[in-house]
Amino acid sequence: MKLAWLPNAITVARMVMALPLFWWLTQGRFEPAFWLALVAGASDAVDGALAKRFGWRSRTGALLDPLADKLLLCVGFLGLWLGGAMPGWLVALVFARDLIILSGSLTWWQKIGPFEPEPSLLGKFTTLVQILLVLAVLLQVNGWWPLPAQAWPILAAVVALATLVSGTDYVIRYGVRAARELRKKT
């Protein structure tokens, strides 16, 4: 039996996890939210490892995987903000970066054609630190791993800087590629 569908199924399951995660966060049910966020974060590593290890990469997976990440992170940040556990400016920054990337992707598709996403190391790092921040906040609000007050501004600054730098990198990198592609068309 061929299991090439498995990474995409894990990705879709991660997308489905967004609804209960959001519900639990907005209801202040941080313990189940933590465990679900942890499973979702781990599933991101698992689907990618399976796709690479067994050659089960697909165009669908290349498009769905970053969407699943964005969905879960946006739900995590928004839910924690609504619960008073995440600063609004950081949520706005994360949302702005993702909206810029999404609108750039849609514009590419409209003006140039099919879009082949190529996540950068910086983008992967940003996703990692955003996931770690969501998990750290959930650990804090559950009282399982209270960090010193001075650690939070540092964590927020690392996430904000990574978000800004990677967003700028995507805009520049894909802007240059788009300009090249458009010149080829004329």
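In short, a report on the structure. (Residues numbered from 1 in each chain as written. Predicted model: local features only at pLDDT ≥ 70, side-chain atom pairs only at ≥ 80, totals over all residues. Heavy atoms only, no water.)

## So, the overall build of the protein chain
When helices and strands are counted, the protein chain shows 7 helices and 0 strands. Beginning at the N terminus, the succession of helices and strands in the protein chain can be written as α-α-α-α-α-α-α. Considering only C-alpha atoms, the protein chain reaches an extent of 60 × 45 × 25 Å along its principal axes. Counting the 186 residues in the protein chain, one finds 38% classified as buried. Within the protein chain, counting contacts between residues at least 6 apart in sequence, those at least 24 apart form 79% of the total. As presented, the protein chain carries roughly 10,400 Å² of accessible surface, and 72% of it is formed by carbon and sulfur atoms. (Helix = DSSP H or I, 4+ residues; strand = E, 2+ residues; numbered from the N terminus. Buried < 20%, exposed > 50% of the residue type's maximum accessible area, 1.4 Å probe, protein only. Contact = heavy atoms within 4.5 Å. Areas by Shrake-Rupley, 256 points an atom, 1.4 Å probe, with all protein chains shown as cover.)

## Looking at the pattern of salt bridges
Counted by the stated rule, this structure contains 8 salt bridges. Among the ionic pairs, Arg173 bridges to Asp169, the shortest N-O distance being 3.3 Å. Residue Arg173 and its partner Asp169 are located together in helix 7 (residues 151–185), separated by 4 residues, close to a single helical turn. The exposure class of Arg173 is partly exposed, given its relative accessible area of 25%. Lys184 is paired through a salt bridge with Glu181; the nearest N and O atoms lie 3.4 Å apart. (Salt bridge = Lys/Arg side-chain N within 4 Å of Asp/Glu carboxyl O.)

## Considering the packing of helix 4 (residues 59–82) against helix 5 (residues 88–111)
Put simply, helix 4 and helix 5 touch, their axes get as near as 9 Å, and they point 155° apart. In this view, helix 4 runs roughly antiparallel relative to helix 5, as classed from their interaxial angle. Considering how the two elements wind past one another, helix 4 and helix 5 form a crossing that is left-handed. Facing Arg59, Leu63, Lys70, Cys74, Phe77, Leu78 and Trp81 of helix 4, the residues of helix 5 in contact are Gly88, Leu90, Val91, Val94, Phe95, Arg97, Asp98 and Trp109. (Axes fitted to C-alpha atoms, helices over the stretch in contact; angles between N-to-C directions. Parallel < 35°, antiparallel > 145°, perpendicular 65-115°, else oblique. Left-handed = near helix turned anticlockwise from the far one by under 90°.)

## Section: a nonpolar patch on the surface
Taken together, Leu67, Leu99, Leu102, Leu106 and Trp109 make up a surface patch of nonpolar side chains, about 490 Å² in accessible area. For the nonpolar patch, the element with the most residues is helix 5, which contributes 4 residues. Assignment of secondary structure puts Leu106 in helix 5. (Patch = residues over 30% accessible without salt bridge, like charges linked within 9 Å, V, L, I, M, F, W, Y side chains within 5 Å.)

## Some words on the nonpolar core
Inside soluble globular proteins, nonpolar side chains tend to come together where they are buried. Counting 36 residues, the largest nonpolar core has Leu21, Phe77, Leu80, Met86, Leu90, Leu133 and Leu138 as the members making the most contacts within it. Of all the secondary-structure elements, those providing two or more residues to this core are helix 2 (18–26), helix 3 (30–54), helix 4, helix 5, helix 6 (121–141) and helix 7. Per element, the largest residue contribution to this core is 9 residues, and it comes from helix 6. In terms of nonpolar packing, the next biggest core, distinct from the first, is built from 6 residues, Ile112, Phe115, Tyr174 and Ala178 among them. (Core = buried A, V, L, I, M, F, W, Y, C linked by side-chain atoms within 4.5 Å.)

## What about the packing of aromatic side chains?
We describe a pair of aromatic rings using the distance from one ring centre to the other and the angle between the two ring planes. Within this structure, the stated rule accounts for 6 aromatic pairs. Centroid distance Phe54 to Trp56: 4.8 Å. Interplanar angle 25°. Geometry classified as stacked. By relative accessible area, which is 44% here, Phe54 ends up partly exposed. According to the relative accessible area criterion, Trp56 is buried, its value standing at 16%. (Phe/Tyr/Trp six-rings, centres within 6.5 Å; stacked < 30°, edge-to-face > 60°.)

Fair warning: the whole summary comes from geometry, so function is off the table for now.
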